[in-house]
Amino acid sequence: MVSQEYTQKFNELETPFYFYDLDLLKSTIEVALNASSKYGYILHFALKANNNDAVLETIREFGIGADCVSGNEVTKSVNMGFPPEKIAFAGVGKTDQEIITGLENNIFSFNCESLHEIEVVNEIAGQMNKVAPVAIRINPDIDPKTHKFISTGLKDSKFGINHWDFDEVAETVKSLPNIKLTGIHFHIGSQITDINVFEQLSLKVNFIQDWFDKNGFALEHINVGGGLGIDYSAPEENSIPDFEAYFAAFHNNLKLKQGQELHFELGRSLVGQCGYFITKVLYLKKGLSTEFLIVDGGMNDLLRPMLYQASHKISSLSSTGNDKVYDVVGPVCESTDVFARKVTLPESKRGDLLAFHSAGAYCEVMASTYNMRSLVTAYNSNSIFEE
Ligand code: LLP
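Remember, predicted model here, so these are calculated numbers, not experimental data. (Residues numbered from 1 in each chain as written. Predicted model: local features only at pLDDT ≥ 70, side-chain atom pairs only at ≥ 80, totals over all residues. Heavy atoms only, no water.)

Let us look at the environment of Glu236. The topology assignment puts Glu236 in the loop between strand S8 (221-223) and helix H9 (243-253). Judged by its relative accessible area of 29%, Glu236 falls in the partly exposed class. (Helix = DSSP H or I, 4+ residues; strand = E, 2+ residues; numbered from the N terminus. Buried < 20%, exposed > 50% of the residue type's maximum accessible area, 1.4 Å probe, protein only.)

Here is the structure:
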C-alpha cells in the first residue's frame, strides 16, 4: 500500500502523475538477479516498458543491460550509462539512421527480424567498415495465452523469421561479409502467467538451435526475450513475480551448448508493480444505472485499460467511508475514456485521490497529449520530498 507519508505529499502535488517506489523496484531486481545468476543467465531491461530516468538509473546500477526497439532508446541507454556491449536492439522496422546509431555505438546485438533487414544491416555496416553482430529473431509459433494485442510469436505475426525461411537466411548470412551471426532471438508475447508456455518455448529453442548447429553456426548466445506477467488483481500480495519458477522453467528445459550465454529481456516483471498512477476526483455524476467518478487523469495518461481491456486495481487514498459502486472515467472527449466499470470504492468526494496500481510498465511510456492535455509527469520515492 502507498504509505501515509507519501499520501500526505501527494496531496500537495498537481495531479495526475505517476509515482515510482524505488525501494520496491530494488527488491524486485534483487529477487530477479538472485534467481537468474545461479544459472549464469544475463538480464537486459526492455526500455519500452519504462524509460523514466530514475527507474533506468536504478536498473543500470545493478549491472543489467538494455533491450531497445528504436534508435532513440539506444541513444538513451548509452546516455544513461548502460554499457554498449550490453545493449540489444530489436524491432521489425529499423531505419537506416537507427542502424547507423547502433553501429556507431558498437552495441551487443542487432536482433534482425527479416532477411531484407539483414541485407540492409550488412550494407550499412560495409559502408562504415564494420561487422555488425546479428541475432536472428525467430518466430517459434507458440501461443503465449495472453491478450491478442500482446501476442508476438504466432506464425502470422509480423515479428521474427519463420522456419520455412531458415535455409535462405542461412545461405544469405554465410555470404554477407559485414555481419556476424552471434545468436538467435525469441520473444513470444507479454503478460504471460502460465509458466508452461516458457517450458514450451525452451523445447522449441532446443529444436531450432540444433538446426543452426547442423548448418554450421556456432551460436554464442540465445535470447529468449521477456514476457513474464505480473498480478494485476492482487498487486500488494504479489508485488514480486515468481522469478524462481520462471528461470527454473528455462534451466530445466533449455539445453545450452558449451560456453553459450542465455539472455533475457525483462520489462513488465521488473517495473510493473513499482509504479502508481495518481489521479484526483473532479466530479460525481449520476448515470442511468451507475454513478460516475470523473477524475482528472485520462486515457491519454494511462491507456492500458482502453487499449487492452486491462484492469488496474484502484484504491482510494483519501476516503474510508462505506463502499459504493462507481464507473471511474476520465475527462477525454471519447466514450472509451473509461478506466473501470462497477468498481467498489469507499464513498468518494471531490478532491479525493485515487491510486491505480501496477502502473510501472507500459503506462507512462504510452502517454500522449491527446486533447492538448499536458504530458503527464512522474515522481519517485526519492524525488518526491524535494518537490
Ligand atoms: N523483448 C521484446 C522484443 C519485446 O517486444 C518486449 C515487449 C519485451 C522484450 C519485454 O516484454 P515484457 O517482459 O515486458 O513482457 N504495451 C503492452 C505490452 C507490449 C509488449 C511489447 N514487447 C501492454 O501494456 O501490455
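Further remarks concern helix H4 (residues 71-79). Buried within H4 are the following residues: Gly71, Glu73, Val74 and Ser77. Taken around the axis of H4, the buried residues stretch over an arc of 165°, which confines them to a single face. H4 presents Asn72 and Asn79 as exposed residues on the side facing more than 90 degrees away from its buried surface. Tucked inside the fold, the buried residues of H4 contact strand S3 (65-68), strand S4 (87-89) and helix H5 (96-104). Positive backbone phi, approximately 95°, marks Gly81, located one or two places after H4. (Arc of directions from axis to C-beta. Contact = heavy atoms within 4.5 Å.)

A word on the sheet that holds S8. Pairing in this closed barrel of eight strands is parallel, and the strands run S2-S3-S4-S5-S6-S7-S8-S9 around the ring. Adjacent strand axes in the sheet meet at a mean angle of 30° when their direction is disregarded. (Pairing = 2+ DSSP bridges. Axes fitted to C-alpha atoms, helices over the stretch in contact; angles between N-to-C directions.)

Moving on: the domain arrangement of the protein chain. You can read the domains of the protein chain as domain 1 (22-272) and domain 2 (273-386). Relative placement of domain 1 and domain 2: their C-alpha centres are 32 Å apart. Facing the 26 residues of domain 1 at the interface are 22 residues of domain 2. Across the interface of domain 1 and domain 2, roughly 2,100 Å² is buried in total on both sides, 53% from carbon and sulfur atoms. Counting the contacts that link domain 1 with domain 2 gives one salt bridge. For the interface between domain 1 and domain 2, the tally reads 12 residue pairs in polar contact (both at pLDDT 80 or more). (Domains from an automatic or database assignment. Buried area = accessible area lost by both parts, 1.4 Å probe. Salt bridge = Lys/Arg side-chain N within 4 Å of Asp/Glu carboxyl O. Polar contact = N/O pair within 3.5 Å; in protein donor to acceptor, adjacent residues only side chain to side chain.)

The full count for this structure, using the stated rule, is 16 salt bridges. In this structure, Lys76 and Asp53 form a salt bridge, with 2.5 Å as the shortest nitrogen-oxygen distance. Of this pair, Lys76 sits in helix H4 while Asp53 sits in helix H3 (residues 53-61); the two residues are 23 residues apart in sequence, bridging distant segments of the chain. By relative accessible area, which is 42% here, Asp53 ends up partly exposed. Taken together, the shared-partner salt bridges in this structure form one network comprising Asp210, Asp213 and Lys257.

A cluster of acidic residues, Glu119, Asp167, Glu168 and Glu171, forms a negative patch at the surface. Of note, Glu119 is situated in helix H6 (residues 115-127). (Patch = residues over 30% accessible without salt bridge, like charges linked within 9 Å, V, L, I, M, F, W, Y side chains within 5 Å. Areas by Shrake-Rupley, 256 points an atom, 1.4 Å probe, with all protein chains shown as cover. Lys, Arg positive; Asp, Glu negative; His and termini not counted. Charge placed at Lys NZ, Arg CZ, Asp CG, Glu CD.)

Looking now at unusual backbone geometry. Trans peptide bonds make up the majority, and among non-glycine residues the majority have a negative phi. Following Thr15, the chain continues to Pro16 via a peptide bond in cis, the omega torsion being -5°. Here Pro16 shows up in the loop between helix H1 (4-10) and strand S1 (17-20). Unlike most non-glycine residues, Gln191 shows phi in positive territory, near 55°. Note that Gln191 resides in the loop between strand S7 (179-185) and helix H8 (195-214). You can call Gln191 buried: its relative accessible area is 15%. With a phi close to 55°, Met372 is a non-glycine residue in the positive phi region. In this fold, Met372 is placed in the loop between strand S15 (353-356) and strand S16 (377-380).

Next up on the list: the side chain of Thr182. By secondary structure assignment, the location of Thr182 is in strand S7. The buried category is assigned to Thr182, whose relative accessible area is 6%. Beyond its immediate sequence surroundings of up to four residues, Thr182 is in contact with Pro133, Val134, Ala135, Leu219, Glu220 and His221.

Here we come to the packing of helix H7 (residues 166-175) against H8. Each pair of packed helices can be described by the angle between their axes along with the distance between the axes. With their axes 11 Å apart at the nearest point, H7 and H8 run at an angle of 45° to one another. Judged by the inter-axis angle, H7 sits oblique to H8. Classified by chirality, the crossing of H8 by H7 is right-handed. Taken together, the residues of H8 that come into contact with H7 (itself represented by Phe166, Asp167 and Ala170) are Ile208, Trp211 and Phe212. (Parallel < 35°, antiparallel > 145°, perpendicular 65-115°, else oblique. Left-handed = near helix turned anticlockwise from the far one by under 90°.)

Moving on, we get to the site of the ligand. Among the 18 residues in the neighbourhood of the ligand, the closest are listed as Ser190, Glu265, Arg304, Tyr308 and Tyr362. Between the ligand and the protein, one listed contact pairs an oxygen atom with a backbone N or O atom of Gly227 at 2.9 Å. Surface burial for the ligand is 91%, taken as the share of its 590 Å² of free accessible area covered by protein chains. Looking at the shell around the ligand, the elements that each hand over two or more residues are strand S9 (261-266) and helix H11 (304-308). Shared between two domains, the shell around the ligand takes at least three residues from each, and those domains are domain 1 (22-272) and domain 2 (273-386). (Near = heavy atom within 4 Å.)

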